[in-house]
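Coordinate analysis (summary)
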Amino acid sequence: MRVNIALAQVVNQQERWQHVKVAPTSLCALLCQRSQTKVGVLDIDICGPSIPTIMGVQNEQVHHSASGWSPVYISNNLAVMSVGFLLKGPEDAVIWRGPRKNGLIKQFLRDVDWGQLDYLLIDTPPGTSDEHLSIVQYLSQTQLDGAIVLTTPQEVSLIDVRKEINFCQRVGLPVIGVVENMSIFICPKCKKDSYIFPPSTGGGEKMAADFRVPFLGRLPLDSRIGKCCDEGKSFLEEVTDSPATQAFVQIIHKIQAHCSQEQSSRETETGEAMDEG
Amino acid sequence: MERLQSVHHVIVILSGKGGVGKSTVAVQLALALRAQGRKVGLLDVDLCGPSIPHMFKLDGQSVHQCPEGWLPVYVDKEQKLGVMSIGFLLENNDDAIIWRGPKKTAMIKQFLSDVHWQNTEYLIIDTPPGTSDEHITVMENLRAFNPDGAILVTTPQAVAVGDVRRELTFCRKTGIPVIGIIENMSGYQVPSLFRCIPIDLQLSQGLEIGKEVSSAPVMDAIQEVAKRLIMLDKDLP
């Protein structure tokens, strides 16, 4: 494989929701961007790529060069690759069965020239099928840090997310943690909280405890996130006062801490750390 | 596939994104059609994330075999609303279906050919998000039965709307008519293409516990969609 995935990889197993689902991936990327780490975002939702719109680069095209496909750069340390860059227009549908989707995922992993990256975030479609099996299988030889599992508080979502965690356990993919999105809705006018999606069975935190995986935090539903996603703006820079921003920063810190801890234990194990010393 | 011949109308529910409320719309539409005296079937072909059983509080139920085929699980004693989902075939609710395309295709074909719907007037098919194996299989196998068409579900955000444009292309390419678009979670009830369904606390709470809801704005919207579906039927030759 020609990929230079330098330090860490985070596979994002995401479940059933609309665009806010991908918001965490892009926000994650944008935060890392602020702290000068090099981040790549790979969108393997072949039939419904949203990352280009959310990142505000929907009209970009992928460039071919001698070293492979160049990802689309949002800034000098944030690069994105998605099937959306290969389509003719926003109405162009990718009507493919599994094998063709797998072929493209393989090509993304083999041919995209990411350069040196600290993190590669992979955004997946909902489900536990071709895309998910393929990505785990193709990356089995690399040091996959694990999966971040997203849910919303209500049981209808948790039913599917339990299946997703089950999937991770079956294929041997570590779960970095669970993030609960759309936990509460804070009305932008009256500041009153309401539970649009009631956690009737304990929500994401209880589910994480049941599966003995870490719970990373809650993100409130803020209509301004959706708006920023639609317009391709960075939420963290546009709406600094939102509770969602702070919650997000904390979640990112936990993920970064997990990844660097994994890395150092890996280095101790392989003796890499001794070489450097 | 002869068993599908006894079904008068087949409606497919599609959306590009997950979580826009396909299953919610499918369930409410089935209930609304039943309320208007029709016999309704609901087939859930979302194999990796079946939500329909939970929304009807049918978790843990299982499918029975009869000489005519698989019997759907009925929501009511009168057997006016039957449901079929992979959820009824799982031993444990948390079990993940980790299947690639060919296995999913085989399962869906079996659902379409082996379920005994018994003179169902409306069969509503709830699909997973996307335009891949499940959708291609459903469309290919339904073609012979002349399905009424597809209802596309979306939310007001541009990202989800973008996906609906792809879904429209899918319908055109596979030759299935588009009955209409339903905009779900339209916060302030702005009228749109077909009908908007506002975000409603009662509805999401009701679905959580598998109870029927009777919230006015949501029900009005759904009832109107059902009425228009029935009207549509009268217009057809």
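Please read all numbers here as calculations on a predicted model, not as lab measurements.

**Thoughts on the overall build of chain A**
- The helix and strand inventory of chain A stands at 10 helices and 12 strands.
- Classification of the 277 residues of chain A by burial places 62% in the buried group.
- In chain A, of all internal contacts separated by at least 6 residues, the share reaching a separation of at least 24 is 79%.
- Split by element, the accessible area of chain A, about 11,300 Å² in all, is 50% carbon and sulfur.

**Re the overall build of chain B**
- In terms of regular secondary structure, chain B is built from 7 helices and 10 strands.
- Burial statistics for chain B: of 237 residues in total, 62% are counted as buried.
- Counting contacts in chain B only where the partners sit at least 6 residues apart, residues at least 24 apart contribute 76% of the total.
- Accessible surface computed for chain B: about 9,400 Å², of which carbon and sulfur atoms make up 50%.

**Some points on the pairing of strand β1 (residues 9-14) of chain B**
Residues and elements named next belong to chain B.
- Where burial is concerned, most of β1 is hidden: 6 out of the 6 residues are buried.
- On β1, burial covers both faces: His9, Ile11 and Ile13 on one face and Val10, Val12 and Leu14 on the other are all buried.
- As paired elements, β1 and strand β7 (residues 122-126) share 5 bridges and run parallel to each other. Bridge assignment links Ile11 to a residue of β7, and that residue is Ile124.
- In this structure, β1 lies alongside strand β8 (residues 149-154), joined through 4 bridges in parallel fashion. By the bridge assignment, Val12 is partnered in β8 with Ala150.

**What about the state of the cysteines?**
- Applying the stated criterion across every chain yields a total of 0 disulfides over all chains.
- In this structure Cys47 of chain A is a free cysteine whose sulfur lies 13 Å from that of Cys48 of chain B, the closest cysteine sulfur available.

**Considering the environment of Arg224 of chain A**
Residue and element names in this part refer to chain A.
- Position of Arg224 relative to the elements: it lies in helix α7 (residues 223-231).
- The exposure class assigned to Arg224 is partly exposed, which follows from its relative accessible area of 31%.
- Sequence spacing of Arg224 and Ser242 is 18 residues, and the spatial spacing of their C-alpha atoms is 8.9 Å.
- What Arg224 contacts, discounting residues up to four positions off in sequence, is Phe235, Val239, Asp241 and Ser242.

**Quick notes on the pattern of salt bridges**
- Under the counting rule described, the total for this entry stands at 18 salt bridges over all chains.
- One salt bridge connects Lys17 of chain B with Asp45 of chain A, and the closest N-O pair in it is separated by 3.6 Å. One end of the pair, Lys17 of chain B, is in the loop between β1 and α1 (22-35); the other, Asp45 of chain A, is in the loop between β2 (39-43) and α2 (51-54), on a second chain. The pair formed by Lys17 of chain B and Asp45 of chain A is uniform in burial state, with each residue classed as buried.
- Two residues, Lys101 of chain A and Glu131 of chain A, come together in a salt bridge whose shortest N-O distance is 3.0 Å.

**Looking at the packing of aromatic side chains**
- Counted under the stated rule, the structure contains 2 aromatic pairs over all chains.
- Taken together, a centroid distance of 5.9 Å and an interplanar angle of 70° make the contact between Trp69 of chain A and Phe108 of chain A edge-to-face. Placement of the pair is Trp69 of chain A in strand β4 (residues 68-70) and Phe108 of chain A in helix α3 (residues 98-111), with a sequence separation of 39 residues.
- The class for Trp69 of chain A is buried, based on a relative accessible area of 10%.
- Note on Phe108 of chain A: relative accessible area 0%, which makes it buried.
- For the pair Trp70 of chain B and Phe111 of chain B, a centre-to-centre distance of 5.9 Å together with 65° between the ring planes defines the contact as edge-to-face. In this pair, Trp70 of chain B sits in strand β4 (residues 69-71) while Phe111 of chain B sits in helix α3 (residues 101-114), placing the two residues 41 residues apart along the sequence.
- What makes Trp70 of chain B buried here is its relative accessible area of 11%.
- Relative accessible area serves as the criterion here: at 0%, Phe111 of chain B is assigned to the buried category.

**Quick look at the packing of helix α5 (residues 155-171) of chain A against helix α6 (residues 203-211) of chain A**
Residues and elements named next belong to chain A.
- Viewed as axis vectors pointing N to C, α5 and α6 meet at an angle of 30°, and their least axial separation amounts to 11 Å. Here α5 lies roughly parallel to α6, going by the angle between them. Regarding α5 and α6, the two cross each other, and that crossing is right-handed. Residues Leu158, Val161, Arg162, Ile165 and Gln169 of α5 form the contact with α6, whose own contacting residues are Gly203, Gly204, Met207 and Phe211.
- A per-class count over the contact of α5 with α6 returns 5 nonpolar, 3 polar and 1 charged.

**Topic: the environment of Asn92 of chain B**
Residue and element names in this part refer to chain B.
- Topologically, Asn92 is positioned in the loop between β6 (81-85) and α3.
- In sequence terms Asn92 and Phe145 are 53 residues apart; their C-alpha atoms lie 34 Å from each other.
- In terms of polar contacts, Asn92 uses its side chain to reach the backbone amide nitrogen of Asp94, at 2.9 Å.

**Quick look at the interface of chain A and chain B**
- With 48 residues of chain A in contact, the opposing surface of chain B contributes 50 residues.
- For the pair chain A and chain B, the summed buried surface comes to about 4,200 Å²; carbon and sulfur atoms form 53% of the total.
- Linking chain A to chain B there are 5 salt bridges.
- Arg100 of chain B is paired through a salt bridge with Asp130 of chain A; the nearest N and O atoms lie 3.1 Å apart.

**Describing α7 of chain A**
- By the burial criterion, the buried members of α7 of chain A are Ile225, Gly226, Cys228 and Cys229 of chain A. The buried residues of α7 of chain A occupy an angular sector of 165° when projected down its axis, which confines them to one face.

**Some details on the confidence of the model for chain A**
- Within chain A, residue pLDDT values average 82, and 85% of them lie at 70 or more.
- A low-confidence stretch, residues 1-22 of chain A stays under pLDDT 50, and its non-local contacts, those more than four residues away or across chains, total 122 contacts.

**Structural notes on the nonpolar core**
- By size, the foremost hydrophobic cluster in this structure holds 68 residues, and its most contacted members are Leu43, Phe56, Phe111, Ile124 and Ile125 of chain B.
- Element by element, the count of residues in this core is highest for α1 of chain B, at 8 residues.
- Filtering out sequence-adjacent residues up to four positions away, Ile124 of chain B remains in contact with Ile11, Ile13, Ala26, Leu29, Ala30, Leu33, Val40, Gly41, Leu42 and Leu43 of chain B.
- Within the second largest apolar cluster, 65 residues are counted, among which are Ile51, Trp114, Leu139 and Ile148 of chain A.

Conventions adopted
Residues numbered from 1 in each chain as written. Chains lettered and ligands numbered in written order. Predicted model: local features only at pLDDT ≥ 70, side-chain atom pairs only at ≥ 80, totals over all residues. Heavy atoms only, no water. Helix = DSSP H or I, 4+ residues; strand = E, 2+ residues; numbered from the N terminus. Buried < 20%, exposed > 50% of the residue type's maximum accessible area, 1.4 Å probe, protein only. Contact = heavy atoms within 4.5 Å. Areas by Shrake-Rupley, 256 points an atom, 1.4 Å probe, with all protein chains shown as cover. Pairing = 2+ DSSP bridges. Disulfide = S-S within 2.5 Å. Salt bridge = Lys/Arg side-chain N within 4 Å of Asp/Glu carboxyl O. Phe/Tyr/Trp six-rings, centres within 6.5 Å; stacked < 30°, edge-to-face > 60°. Axes fitted to C-alpha atoms, helices over the stretch in contact; angles between N-to-C directions. Parallel < 35°, antiparallel > 145°, perpendicular 65-115°, else oblique. Left-handed = near helix turned anticlockwise from the far one by under 90°. Nonpolar A, V, L, I, M, F, W, Y, C, P; charged D, E, K, R; others polar. Polar contact = N/O pair within 3.5 Å; in protein donor to acceptor, adjacent residues only side chain to side chain. Buried area = accessible area lost by both parts, 1.4 Å probe. Arc of directions from axis to C-beta. pLDDT = per-residue confidence, 0-100. Core = buried A, V, L, I, M, F, W, Y, C linked by side-chain atoms within 4.5 Å.

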